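Examination of the molecular architecture
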Amino acid sequence: MNIFYKINNLSFRAQKYVFFLFIVVFSIGVVEALVLSPADYKQSDSVRIMYVHVPSAWTSVGIFSVIAILSLGNLIFKNKYFLTIAKSLAPSGLIFNIIALVTGAIWGRPTWGTWWAWDARITSMLVLCIFYILYILSWRVFENKESVNKITSVISILGLINLPIIKFSVEWWTTLHQPASITLSGSSIHSSMLLPLFIMTAAFVLFSVLIFLMKYNTELIKIKNKGLDRI
Amino acid sequence: MTFEIISMNGYGLYVWSSFIFTFISFFVLYHVIKFQLKKEQEKFKSKYFDLTEEKTENVKKQKTYREILAFTNISKI
């Protein structure tokens, strides 16, 4: 497939540009989040945790959706690049999931008076974390190529069922976690807080792109290393 | 001003620990992935230099290999 050759050739060159772009956007985002954005009238300065918690949760869920779609694509089209891309996306997805869980716990302490609650939203995010760990471990544990392709695809497709639960858990059940403040119909967050939130989200997406490129290049060199043995 | 940023109206411990945890996670993940990439590049380098001249020419004809060679700075050696 021609598009994959283009990705292969672009991935090596794009890495350094994405790195510099991430540094710039992340620096602006951090200054906006910690200094320029206002404190909340109810939560005071603890609201600033939102600028790392929410983008990491969004990115983590988004990455897993892509992994599941690519795995589904692999089962249908039998293309190895789908799985290589999916495998390269997983490490940043897991890290963002862990950041969302840890910063959520830190935010929960001053807001709810507890570090952890077996609330539907928090528990479903923990389940997503388990799916990420199982997915990454499967790549390391199973050596047979056919088995690992099937197992990782099944894990990611099963994990896909959890994503609507994460999204709608705050509406389906009475939860400690607040409902979504940003929906397709609008936002209840003031623009002075929305701007740093979007800048930080852009920075987190750039970081996941950077990690994806580095991991994808590693996988590509690994494949080509095997190719050198056959030449 | 500085004290206000550090104390965050009494929420400094929570806010700063969240941001520091995020920074550390980014730093660790970036360096772990970079280490894995360097390791594969080194493997590629040693295998490439073990090839015969004829095989090296064959490798250079393929676009993805050319990109890897440029990326690992072999083409500059």
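Notes on the structure in this doc start here. (Residues numbered from 1 in each chain as written. Chains lettered and ligands numbered in written order. Predicted model: local features only at pLDDT ≥ 70, side-chain atom pairs only at ≥ 80, totals over all residues. Heavy atoms only, no water.)

1. Brief notes about the packing of aromatic side chains
Scanning the entire structure with this criterion turns up 24 aromatic pairs over all chains. Between F26 of chain A and F23 of chain B, the aromatic rings sit 5.6 Å apart at their centres with planes inclined by 90 degrees, giving edge-to-face as the arrangement. Of this pair, F26 of chain A sits in helix α1 (residues 2–36) while F23 of chain B sits in helix α2 (residues 12–49), which puts the two residues in different chains. Among the aromatic residues, those joined into a ring-pair cluster are F22, F26, F96, F204 and F207 of chain A together with F19, F23 and F26 of chain B. One Lys or Arg, K167 of chain A, reaches over the ring of F168 of chain A and ends 5.3 Å from the middle of that ring. (Phe/Tyr/Trp six-rings, centres within 6.5 Å; stacked < 30°, edge-to-face > 60°. Helix = DSSP H or I, 4+ residues; strand = E, 2+ residues; numbered from the N terminus. Lys NZ or Arg CZ within 6 Å of the ring centre and 35° of its normal.)

2. Comments concerning the interface of chain A and chain B
Each partner contributes residues to the interface: chain A has 52 residues there, and chain B has 37 residues. Carbon and sulfur atoms make up 77% of the area that chain A and chain B hide from each other, which totals about 4100 Å². Every element with two or more residues in the side of chain A that touches chain B is listed here: α1, α2 (50–77), α3 (80–112) and α6 (191–230) of chain A. Looking at which element gives the most residues to the side of chain A that touches chain B, the answer is α6 of chain A, with 17 residues. For the side of chain A that touches chain B, a count of residues per class yields 31 nonpolar, 12 polar and 9 charged. (Contact = heavy atoms within 4.5 Å. Buried area = accessible area lost by both parts, 1.4 Å probe. Nonpolar A, V, L, I, M, F, W, Y, C, P; charged D, E, K, R; others polar.)

3. Notes on the pattern of salt bridges
Evaluated as defined, the whole model comprises 6 salt bridges over all chains. In this structure, the salt-bridge partner of D45 of chain A is R48 of chain A, at a minimum N-O distance of 2.7 Å. Between E40 of chain B and K43 of chain B there is a salt bridge, with its nearest N and O atoms 3.5 Å apart. Residue E40 of chain B and its partner K43 of chain B are located together in helix α2, separated by 3 residues, close to a single helical turn. On the basis of relative accessible area, K43 of chain B is assigned to the partly exposed category, the value being 40%. (Salt bridge = Lys/Arg side-chain N within 4 Å of Asp/Glu carboxyl O. Buried < 20%, exposed > 50% of the residue type's maximum accessible area, 1.4 Å probe, protein only.)

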